[in-house]
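Tertiary structure, described
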Amino acid sequence: QVQLGESGGGLVQPGGSLGLSCAASGRTSSAYTMAWFRQAQGKEREFVAAIRSSGGYPYYADSVKGRFTISKDNAKNTIYLQMSSLKPEDTAVYYCARRNSLLITSSVRTLRFYDYWGQGTQVTVSS
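Our subject in this report is the structure included herewith. Chains are numbered independently. Their residues run from 1 in the order of the written sequence. Only residues with pLDDT of at least 70 are given local features in this predicted model, and only at 80 or more are side-chain atom pairs given and counted; all residues enter the totals for whole chains, interfaces and linings. Computation of side-chain values covers all heavy atoms of the structure but excludes hydrogens and water.

Criterion for a disulfide: a pair of cysteine sulfur atoms within 2.5 Å. Inspection of every chain in the model, using the stated rule, returns 1 disulfide. Covalent S-S linkage joins Cys22 and Cys96, the inter-sulfur distance amounting to 2.0 Å. Across the S-S bond linking Cys22 and Cys96, the dihedral sits near -80°, which makes this disulfide left-handed. Within this pair, whereas Cys22 is found in strand β3 (residues 18-26), its partner Cys96 is found in strand β9 (residues 92-99), the two being separated by 74 residues in sequence. An identical accessibility class is assigned to Cys22 and Cys96; each is buried. Think of it this way: any DSSP run of H or I at least four residues long counts as a helix, any run of E at least two long counts as a strand, and we number them from the N terminus. Burial classes follow relative accessibility: with a 1.4 Å probe on protein chains only, a residue under 20% of its type's maximum area counts as buried, one over 50% as exposed, and anything between as partly exposed.

The next thing to look at is unusual backbone geometry. Unusually for a residue other than glycine, Asn77 sits at a positive phi of about 55°. Positive phi is not limited to glycine here, since Ser85 has a value of about 50°. Its location among the elements puts Ser85 in the loop between β8 (78-83) and β9.

Note on pairing: DSSP must find at least two bridges between two strands before they are called paired. Relative to β8, β3 is paired through 6 bridges, and the arrangement is antiparallel. Following the sheet pairing, Leu18 is matched in β8 by Met83. Between strand β7 (residues 68-73) and β8, which pair antiparallel and follow one another directly, the connecting turn spans 4 residues, one of which, Asn77, has a positive phi of 55°.

To continue, consider the pattern of salt bridges. For salt bridges, the criterion is a side-chain nitrogen of Lys or Arg within 4 Å of an Asp or Glu carboxyl oxygen. Counting across every chain of the model gives 4 salt bridges. Between Asp115 and Arg99 there is a salt bridge, with its nearest N and O atoms 3.8 Å apart. Of this pair, Asp115 sits in the loop between β9 and β10 (116-117) while Arg99 is found in strand β9, placing the two residues 16 residues apart along the sequence. Via salt bridges that share partners, Arg38, Glu46, Arg67 and Asp90 belong to a single interconnected network.

Right, let's talk about the sheet that holds strand β1 (residues 2-7) for a bit. Reading across from one edge, β1-β3-β8-β7 is the order of the 4 strands in this open sheet, with antiparallel pairing throughout. Looking along the sheet, the strands with just one partner apiece sit at the ends: β1 and β7. Pairs of neighbouring strands in the sheet enclose a mean axial angle of 15°, with direction left out of account. With 6 bridges joining them, β1 and β3 adopt antiparallel strand pairing. Here an angle of 0 to 180 degrees is reported between the N-to-C directions of two axes, which are lines fitted to C-alpha atoms, with helices fitted over the stretch in contact.

Okay, here's the thing in structure tokens:
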């Protein structure tokens, strides 16, 4: 199995910035797809961003494009999410997800294709 450890959540004012990290351990593979999803209270979990170990550009939800940046460190089996210009509507529990393969473009935004999930970290944007 793969374990995902998330960190970096917290309280931030609107317009502020926050960085999240997710480190994978256990039965990892050199080829992977990792993503961030978020779930606001009372709403369904939604895609935020995804990145692959190789083979293409990052993917972003329209709601965060231009404000959030996903990045990776393959040697550390870690991905990051740098969030800027945060809005109250960004408030949610943010989850890290992983699949031990390179998902095709049509699948990277789809929750059901990910095999492993972190415990989630709360991000609250409020004044």
